[in-house]
Amino acid sequence: MLSSCMPIRLPVSRWSHAGVRSTIAAKRTFASPAGHASQPQKSTVNIVEVGPRDGLQNEKGTIIPVDLKVELINRLGRAGVTNVEAGSFVSPKWVPQMAGTAEVLKGIDRLPGVHYAVLVPNERGLQDLLALLESHTASSPLTDEISIFTAATESFCKRNLNCSVAESLDNLKRVTRTALDKGLRVRGYVSVVVACPFEGKVDPRRVRDVTRELLDMGCYEVSLGETIGQGRPHEVADMIEEVKKAVPVEKLAGHFHDTYGTGVANVLTALQHGIRTIDSSVGGLGGCPYAPGATGNVATEDVLYALQDSPYHVHGSVQGGGTIDLEKMVDIGWWISEKLGRESVSRAGRAVRSKQNREVKSSVSSKL
């Protein structure tokens, strides 16, 4: 990754006015929606769609065109998604598929109430983003949120950020301070919260301490990343309970990969232990360039199906009818997967597509 630069001092930008600050300061709601008195209220679950960033960053071969990324983000917004990771301001030398993030931000159709976050690994990345925002002349900013990340183990942090965990936290404090001063929301990630590809099982106390540091520096939420998809529900439960000893559960999110097929089970475990924000990726896209063997993120379609008719309500925009539309997400998952030259790996996506195909065949047969 790029090494961190010296702290930057930029003038207050014209888009960091009081009105934008008040919009940016608004947090995701965790309140249960009002319902009929005879019906039990459902707990609201927020989905952060990471497909355009975490999902695409590990794609091999041909660089994915900007217009395809833009179309993916636009389709997700029209399906009801309210939080989309749109890209990353990281050196294309290290993550080639994230090249063109500035053009992606300029090209997407912004929908009201939708956040288009970008990953910022260090001060250089933030400097590039702020320069872009300064040059943007429209009344609303291209983005109102950044994501920052570190890891729970020294080996993973060294491999990913070329520094120790302590050094990464010091760097991120400067990034966070500058971003907050500019009116940006900051969301944190902790990678390898259950198992590390280089060190094995991770002590949950290390996850707890790093998470606390990220919140103390100003992150409004920290996503606990089960990066290599090796964690099992009981391990996820133990980790969350340890983190909760130092951190309010309302400040936590869950980020699970599906390498061993436990992605949805780990999502349900996280919800049972009080977490109400889940990261997922349409079509199960994903992987990690620095986590050997890790496969895709838990598929958004699988999470949506698992939560149907449950005690949980998935929050979404008016485009999705107040939730995130499962069938639209299935269509998006198949569309982007085919564009990448393969089939969707979402189990729910495959089942829904199979059902759709059977219904089409039945309809055709009935007309013969």
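Now for a look at the structure at hand. Predicted model only: the values in this text are computed from it and were never measured.

### Comments concerning the overall build of the protein
So, point 1. Counting its regular elements, the protein contains 13 helices and 11 strands.
So, point 2. Burial analysis of the protein (368 residues in total) assigns 55% to the buried set.
So, point 3. Sequence-distant contacts, at least 24 apart, represent 76% of the contacts inside the protein between residues at least 6 apart.
So, point 4. Total accessible area on the protein is roughly 15,400 Å²; 52% of this is exposed by carbon and sulfur atoms.

### A look at helix α10 (residues 263-272)
So, point 1. Listed as buried for α10 are Gly263, Asn266, Val267, Thr269, Ala270 and Leu271.
So, point 2. Just downstream of α10 lies Gly274, where phi reads positive at about 100 degrees.

### Considerations on helix α7 (residues 165-181)
So, point 1. In this model, α7 (17 residues) spans 24 Å end to end at C-alpha, consistent with the 24 Å of a helix rising 1.5 Å per residue.
So, point 2. Among all positions of α7, only Val165, Ser168, Leu169, Asn171, Leu172, Val175, Thr176, Thr178 and Ala179 are buried.
So, point 3. Structurally, α7 contributes buried residues whose contacts are with α5 (123-135), β4 (145-151), α6 (154-161), β5 (185-191) and α8 (204-216).
So, point 4. Once α7 ends, the next one or two residues include Gly183, with phi positive near 85 degrees.

### Considering unusual backbone geometry
So, point 1. If you check the backbone angles, Asn162 has positive phi at about 60 degrees while not being a glycine.
So, point 2. You can see Asn162 is positioned in the loop between α6 and α7.
So, point 3. Not every positive phi belongs to a glycine, and Asp309 is a case in point at roughly 55 degrees.
So, point 4. Turning to its location among the elements, Asp309 is positioned in the loop between α11 (300-307) and β11 (312-314).
So, point 5. Given a relative accessible area of 80%, Asp309 falls into the exposed group.

### As for the pattern of salt bridges
So, point 1. Under the criterion given, the structure shown has 22 salt bridges.
So, point 2. Across the pair Glu85 and Arg53 runs a salt bridge, and its minimum N-O distance is 2.9 Å. On the criterion of sequence distance, the pair formed by Glu85 in strand β2 (residues 83-88) and Arg53 in helix α2 (residues 51-55) is long-range, its members being 32 residues apart. Of the two residues, Glu85 and Arg53, both sit in the buried class.
So, point 3. Note that Arg185 and Glu145 form a salt bridge whose closest N and O atoms lie 2.5 Å from each other. Of this pair, Arg185 sits in strand β5 while Glu145 sits in strand β4, placing them 40 residues apart in sequence.
So, point 4. In this structure Arg185 comes out as buried when scored by relative accessible area, which is 4%.
So, point 5. Each of Arg208, Asp209, Glu242 and Lys245 takes part in salt bridges that share partners, so that together they form one network.

### Observations concerning the environment of Asn122
So, point 1. If you trace the backbone, Asn122 turns up in the loop between β3 (115-119) and α5.
So, point 2. Asn122 sits 51 residues away from Lys173 along the chain, and the two C-alpha atoms are 10.0 Å apart.

### Topic: the pairing of β2
So, point 1. Most of β2 is tucked away: 6 of the 6 residues are buried.
So, point 2. Once the chain exits β2 it traverses helix α4 (residues 101-107) before rejoining the sheet at β3, and the crossover so formed is right-handed.

### Observations regarding the side chain of Arg53
So, point 1. Judged by relative accessible area, Arg53 falls into the buried class, the value being 6%.
So, point 2. Side chain to side chain, Arg53 and Glu85 meet in a polar contact 2.9 Å long.
So, point 3. When sequence neighbours within four positions are dropped, the list of residues in contact with Arg53 reads Glu85, Gly87, Ser88, Met98, Leu119 and Tyr189.

### Things to note about the packing of α11 against helix α12 (residues 326-339)
So, point 1. Running from N to C, α11 and α12 cross one another at 160 degrees; their axes reach a closest spacing of 9 Å. For the element pair α11 / α12, the angle class is roughly antiparallel. Of the two possible hands of crossing, α11 and α12 adopt the one that is left-handed. Counted together, Thr300, Glu301, Leu304 and Tyr305 of α11 and Leu326, Met329, Val330 and Gly333 of α12 form the full contact between these two elements.
So, point 2. Its residues assigned to classes, the contact of α11 with α12 comprises 5 nonpolar, 2 polar and 1 charged.

Rules and cut-offs
Residues numbered from 1 in each chain as written. Predicted model: local features only at pLDDT ≥ 70, side-chain atom pairs only at ≥ 80, totals over all residues. Heavy atoms only, no water. Helix = DSSP H or I, 4+ residues; strand = E, 2+ residues; numbered from the N terminus. Buried < 20%, exposed > 50% of the residue type's maximum accessible area, 1.4 Å probe, protein only. Contact = heavy atoms within 4.5 Å. Areas by Shrake-Rupley, 256 points an atom, 1.4 Å probe, with all protein chains shown as cover. Expected span 1.5 Å × (residues − 1). Salt bridge = Lys/Arg side-chain N within 4 Å of Asp/Glu carboxyl O. Right-handed = clockwise from strand over helix to strand, strands pointing away. Polar contact = N/O pair within 3.5 Å; in protein donor to acceptor, adjacent residues only side chain to side chain. Axes fitted to C-alpha atoms, helices over the stretch in contact; angles between N-to-C directions. Parallel < 35°, antiparallel > 145°, perpendicular 65-115°, else oblique. Left-handed = near helix turned anticlockwise from the far one by under 90°. Nonpolar A, V, L, I, M, F, W, Y, C, P; charged D, E, K, R; others polar.

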